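Secondary and tertiary structure notes
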Amino acid sequence: GNIYLGGTGSANALDDYEFANYIPSFTGSSSGSFSLNGLYDSLTYTKIGRLVHVQGRIRQVSGSISGTLQISLPFTSASLNDEADFVTGSILCRNVDFPTNTISTGIYIPSNSTVANIYAVIDNATWYSIGDSEVASNAMWMFGFSYVAS
């Protein structure tokens, strides 16, 4: 049965809830991919209605990419009005060679997308796409972000 929030009408029914682990793809926006360590290759997600929360830690072991580093999402992101679908999220990483004056790292999920793009934020400059030259073969990535699914 459904769980009802704020009333018993069908509009108040929570009828979509799931949680699971998934093995993301770690790819380049143009081409290529990174292989993940089989002991540390899963992220977990919780989906309540259209809201998806992803978290966990993965370790890459080999490969090469061309373009911006991307991680696959468990569900396609929404396409909403007035840029309400723009999402950023947190990343903590190790063995990544960031450019000088990097002040933070993060993800960017475009509307109607199946991937999150990984960026560095440079002090007093534009975003910097993380690519093959910044990532060592033993990099570790920890994620925590939420987004609205389509």
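This text gives an overview of the structure that appears in the document. Everything numeric here is computed off the predicted structure, so don't read it as measured data.

With that out of the way, let us pick up the side chain of Q70. Note that Q70 resides in strand β8 (residues 69-72). There is a polar contact of 2.7 Å between the side chain of Q70 and the side chain of N117. When sequence neighbours within four positions are dropped, the list of residues in contact with Q70 reads S25, F26, T27, G28, S29, V115, A116 and N117.

This part is about the nonpolar core. Of all hydrophobic cores here, the largest spans 30 residues; its most connected members are F26, L69, I118, W141 and F143. Taken together, the elements giving at least two residues each to this core come down to β5 (31-36), β6 (43-48), β7 (51-66), β8, β9 (87-96), β10 (102-109), β11 (115-122) and β13 (135-148). The element that contributes the greatest number of residues to this core is β13, accounting for six residues. Residues contacting L69, with those up to four places away along its chain left out, are F26, T27, F34, A116, N117, I118, I130, V135 and W141.

This brings us to the packing of aromatic side chains. Enumeration according to the criterion identifies ten aromatic pairs in this entry. With a centroid separation of 5.8 Å and an interplanar angle of 65 degrees, the aromatic rings of F86 and Y108 are classed as edge-to-face. Here F86 is found in the loop between β8 and β9, whereas its partner Y108 is found in strand β10, with 22 residues between them in sequence. Assessed through its relative accessible area of 45%, F86 is described here as partly exposed. Between the aromatic rings of F143 and F145, the centroid separation amounts to 6.4 Å while the plane-to-plane angle is 80 degrees, which identifies the pairing as edge-to-face. Its relative accessible area of 6% is what places F143 among the buried residues. An aromatic cluster of three or more residues is present, and its members are F86, Y108, Y119 and W127.

Cut-offs applied
Each chain has its residues counted from 1, running along the sequence as written. Restriction of local features to residues with pLDDT of at least 70 applies here, the model being predicted, together with a cutoff of 80 or more for giving and counting side-chain atom pairs; totals for whole chains, interfaces and linings are based on all residues. Side-chain descriptors were evaluated using all non-hydrogen atoms of the structure, hydrogens and water having been removed beforehand. Helix and strand definitions follow DSSP, with helices as H or I runs of at least four residues and strands as E runs of at least two, each counted in order from the N terminus. Any pair of N or O atoms that falls within 3.5 Å is considered a polar contact. Within protein, one atom must be able to donate a hydrogen and the other to accept it, and sequence-neighbouring residues count only if both atoms are side-chain atoms. Residues count as neighbours in contact if any of their non-hydrogen atoms are within 4.5 Å of one another. Among buried residues, those of type Ala, Val, Leu, Ile, Met, Phe, Trp, Tyr and Cys that are joined through side-chain atoms within 4.5 Å constitute a nonpolar core. Using a 1.4 Å probe on the protein chains alone, a residue whose accessible area is under 20% of its type maximum counts as buried, one over 50% counts as exposed, and one in between counts as partly exposed. For this analysis, a ring pair means two rings from Phe, Tyr or Trp (six-membered ring only for Trp) whose centres lie within 6.5 Å, classed as stacked if their planes differ by under 30 degrees, edge-to-face if by over 60, and tilted for the remaining angles.

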